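Structural characterization, general
These are the residues of each chain, in order.
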Amino acid sequence: MAFVWALVADRESAEALERADPKHYQLGGARNWQNGSISTFLGAAASYFDDADWASNTAQPSWRDLAEFLYLGKIHE
């Protein structure tokens, strides 16, 4: 949960930066956030794992796998 709360804080900080200077962040979000809405965030994370053929390499997902999924929602386009 610490990682999830860190992502929340990171996104909130990015949103403040984006509100302060929206023109600067037209093509990409602050703090390397590529996906600002929940739909694009989840879609990007799911897309990465679909493309990576992740499921065939993992018998039982771990907490690390979940953390990677969440992080990739932030950065994957």
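One structure accompanies this document, and this report is about it. (Residues numbered from 1 in each chain as written. Predicted model: local features only at pLDDT ≥ 70, side-chain atom pairs only at ≥ 80, totals over all residues. Heavy atoms only, no water.)

Moving on, we come to the nonpolar core. Leu7, Ala14, Ala30, Trp33, Phe41 and Leu70 form the largest nonpolar core, which has six residues in total. Beyond its immediate sequence surroundings of up to four residues, Ala14 is in contact with Ala30, Arg31 and Trp33. (Core = buried A, V, L, I, M, F, W, Y, C linked by side-chain atoms within 4.5 Å. Buried < 20%, exposed > 50% of the residue type's maximum accessible area, 1.4 Å probe, protein only. Contact = heavy atoms within 4.5 Å.)

Direction vectors running N to C along helix α2 (residues 38–51) and helix α3 (residues 63–75) enclose 120 degrees, while the axes themselves pass 7 Å from each other. When the axis of α2 is compared with that of α3, the two are oblique. Relative to α3, the crossing made by α2 is right-handed. Packed against α2, whose contacting residues are Phe41, Leu42, Ala44, Ala45, Ala46, Tyr48 and Phe49, the element α3 presents Asp65, Glu68, Phe69, Leu70, Leu72, Gly73 and Lys74 at the interface. Class assignment of the residues belonging to the contact of α2 with α3 gives a composition of 10 nonpolar, one polar and three charged. (Axes fitted to C-alpha atoms, helices over the stretch in contact; angles between N-to-C directions. Helix = DSSP H or I, 4+ residues; strand = E, 2+ residues; numbered from the N terminus. Parallel < 35°, antiparallel > 145°, perpendicular 65-115°, else oblique. Left-handed = near helix turned anticlockwise from the far one by under 90°. Nonpolar A, V, L, I, M, F, W, Y, C, P; charged D, E, K, R; others polar.)

The terminal C-alpha atoms of α2 lie 20 Å apart, and with 14 residues this matches the ideal 20 Å at 1.5 Å per residue to within 8%. Looking at α2, one finds that the buried residues are Phe41, Ala44, Ala45 and Phe49. Projected down its long axis, α2 carries its buried residues within an arc of 125 degrees, all on one side. What points out from α2, more than 90 degrees from its buried face, is the exposed set Ser39, Asp50 and Asp51. (Expected span 1.5 Å × (residues − 1). Arc of directions from axis to C-beta.)

From the geometry alone we can't say anything about function, so treat these as descriptive.
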